[in-house]
Amino acid sequence: MKKILWSTLLVCFLMVTIFAVQINKQVSAEVETVHIPLIEQHQPALLYGLPIDNKIVIEEKIKKNELLGDILFQYNVPAKLVHQMASLPRNIFDVRKIAPNKKYTLICDQDSVMRATALVYEPNAIDYVIMKFGDTLTVDVCQREISIVEKGVSGTIRSSLSQTIEEMGITHELTNKFVDIFAWVVDFQRLHVGDEFKILFEEIQVEGQTVGIEKINGIYFKHVGSEYYAYPFDQGEGLDYFDEEGKSLRKALLKYPIEFTRISSRYNLKRFHPVQKRFKAHLGTDFAAPTGTPIRSVGDGLIEEAQYKSNNGNYVKIRHNGTYTTQYLHMSRIAQGVRAGTRVKQGQVIGYVGSTGLATGPHLCYRFWRNGVQVDALRVELPPSQPIKQDKLAEFNIVVNTLKAKLDQIESPDQLVVTTASVF
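Parameters at a glance
Residues numbered from 1 in each chain as written. Predicted model: local features only at pLDDT ≥ 70, side-chain atom pairs only at ≥ 80, totals over all residues. Heavy atoms only, no water. Phe/Tyr/Trp six-rings, centres within 6.5 Å; stacked < 30°, edge-to-face > 60°. Buried < 20%, exposed > 50% of the residue type's maximum accessible area, 1.4 Å probe, protein only. Lys NZ or Arg CZ within 6 Å of the ring centre and 35° of its normal. Helix = DSSP H or I, 4+ residues; strand = E, 2+ residues; numbered from the N terminus. Pairing = 2+ DSSP bridges. Core = buried A, V, L, I, M, F, W, Y, C linked by side-chain atoms within 4.5 Å. Contact = heavy atoms within 4.5 Å. Salt bridge = Lys/Arg side-chain N within 4 Å of Asp/Glu carboxyl O. Axes fitted to C-alpha atoms, helices over the stretch in contact; angles between N-to-C directions. Polar contact = N/O pair within 3.5 Å; in protein donor to acceptor, adjacent residues only side chain to side chain. Arc of directions from axis to C-beta.

**Examining the packing of aromatic side chains**
In this structure the tally under the stated criterion is 16 aromatic pairs. Between Tyr366 and Phe368, the aromatic rings sit 6.4 Å apart at their centres with planes inclined by 80°, giving edge-to-face as the arrangement. Side by side, Tyr366 and Phe368 carry an identical accessibility label, which is buried. Among the aromatic residues, those joined into a ring-pair cluster are Tyr256, Phe287, Tyr324, Tyr328, Tyr366 and Phe368. Directly above the aromatic system of Tyr220 lies the positively charged group of Lys198, at a separation of 5.9 Å from the ring centroid.

**Regarding unusual backbone geometry**
The backbone of Asn65 shows a phi angle near 65°, a positive value even though the residue is not glycine. Assignment of secondary structure puts Asn65 in the loop between strand 3 (55–61) and helix 2 (68–74). Positive phi, normally seen in glycine, also occurs at His330, with a value near 70°.

**Let's talk about the pairing of strand 5 (residues 116–122)**
By the criterion of burial, strand 5 is predominantly enclosed, with seven of the seven residues buried. Sheet topology places strand 4 (residues 103–109) next to strand 5; six bridges connect them, and they run antiparallel. Across the sheet, residue Leu106 finds its bridge partner in strand 5, namely Leu119. The sheet contact formed by strand 5 and strand 6 (residues 127–133) spans four bridges and is antiparallel. Bridge pairing in strand 6 places Leu119 opposite Met131. Hairpin connection from strand 5 to strand 6: four residues lie between these consecutive antiparallel strands.

**Re the nonpolar core**
Counting 54 residues, the largest nonpolar core has Phe178, Phe188, Ile199 and Tyr328 as the members making the most contacts within it. Counting residues per element, the ones that place at least two in this core are helix 4 (161–167), helix 5 (172–182), strand 9 (196–206), strand 10 (209–223), strand 19 (313–319), strand 20 (324–334), strand 22 (349–353) and strand 23 (363–370). Per-element accounting of this core gives the leading share, five residues, to helix 5. Discounting residues that sit within four places of it in the chain, Ile199 has contacts with Lys151, Gly152, Val153, Ile165, Leu174, Phe178, Ile216, Gly218, Ile219, Leu407 and Ile410.

**Notes on the pattern of salt bridges**
A complete count under the given rule lists 18 salt bridges for this structure. Note that Glu245 and Lys247 form a salt bridge whose closest N and O atoms lie 3.5 Å from each other. Judged by its relative accessible area of 56%, Glu245 is exposed. With relative accessibility at 48%, the residue Lys247 sits in the partly exposed group. Shared partners join several salt bridges into a network, and the residues in it are Glu59, Lys103, Glu122, Arg144 and Glu207.

**Thoughts on the sheet that holds strand 3**
By definition, the strands of a sheet pair up through backbone hydrogen bonds, in either a parallel or an antiparallel sense. Read from one edge of the open sheet, five strands run 3-4-5-6-7, paired in antiparallel fashion. The open sheet has two edge strands with one neighbour each: strand 3 and strand 7 (137–143). Direction aside, the axes of adjacent strands within the sheet are offset by 15° on average.

**Structural notes on the environment of Lys251**
When you line up the elements, Lys251 lands in the loop between strand 12 (239–242) and strand 13 (262–265). Relative accessible area serves as the criterion here: at 16%, Lys251 is assigned to the buried category. In the structure, Lys251 is positioned 70 residues away from Ile181 in sequence and 9.6 Å away in space, judged by C-alpha atoms. Setting aside residues up to four positions removed in sequence, Lys251 forms contacts with Trp184, Leu382, Pro383, Pro384 and Ser385. For Lys251, the side chain forms a polar contact with the main-chain oxygen of Leu382, separated by 3.2 Å.

**Section: helix 3 (residues 79–86)**
Here helix 3 has its buried residues at Leu81, Val82 and Met85. Around the axis of helix 3, the buried residues are gathered within 100° of arc, so they sit on the same side. Away from its buried face, by an angle of more than 90 degrees, helix 3 presents the exposed residues Lys80 and His83. Among the structural elements, helix 2, strand 6 and strand 7 are those in contact with the buried residues of helix 3.

If you want it as structure tokens, here you go:
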């Protein structure tokens, strides 16, 4: 009897256990199929890495004669922070270099006084400075990511080099670099319709937009049946351009004191003066250009004069060495820091085109002395820079062969090809 009882109890225990396991599986299955919805997390909106939720964003450009301090006071930035900004080291931020038409962005609190909490100033397409106004001033100097894209372009001259290149959608900066390389070889004021060119160059891009030309990597130019090549090479003294035989294309001085433009009046010993209404020798070369166009020194040198005179207007005179001296007349203004006794570098901006003095309109009168005698700046013969050194010739030839192969790939006229790209 006891055995039957124990057997019955054991069977009941097993049945209860099995039932419990089944219930547990069913519950587990039901639990596994339950989906708990996730709460979406709000991603804060950012501009220049700064949160702008519940903020007012104001985008403007600096107006002529407008000061950054005046803008910040208008948006209730404390005077002590504006003073800290004005006292920043120049290598971080120079408040005096704020320029008209440059973009700035203000981020402001949404309250009754419209207080700016940050300012972003963009001096160019690559650099920008973030200033955050808290208890103290915080400054971040930033740069956008840039891409260097190598391109090849070919064209046929229809009217002028600059117009042909612009019609292909390429910045005029490429024209100026092209002209500077070949300026002492080809007279770009006398190009012929049908002249052909191929240019291999590096373009600087930011967010897919072209912002400048890094450098030219090679040029083929066919002018009046003659063929010219230009190849860049650095033999330890900086990048220079050479023909296929290793002869330098650069002279001691730049040929043009402003970016390539129209020559309105050449050196002429019997020119009729438009203001004085009489025949008078014109011992300079006039370059027509809009007021404010930068004027550059054609070479390294010492400034002898930088002042105003009634006929010359604002002008600068530079002695480059014991042989050559140049002068730049009728400036709207002389560049900051340019004064007698200071040294300038080739290509440095020394002033801006204007019509001061005896002038009928905005232009630059450029004068050139050789051994104390005024000569025609566009016809003077200057010594070339150093050719490729013998111990660098083999290395140079490798560069020439590589770049010439790339130039040969640009076949048809008016063609634009992307060859390589890299990101920095």
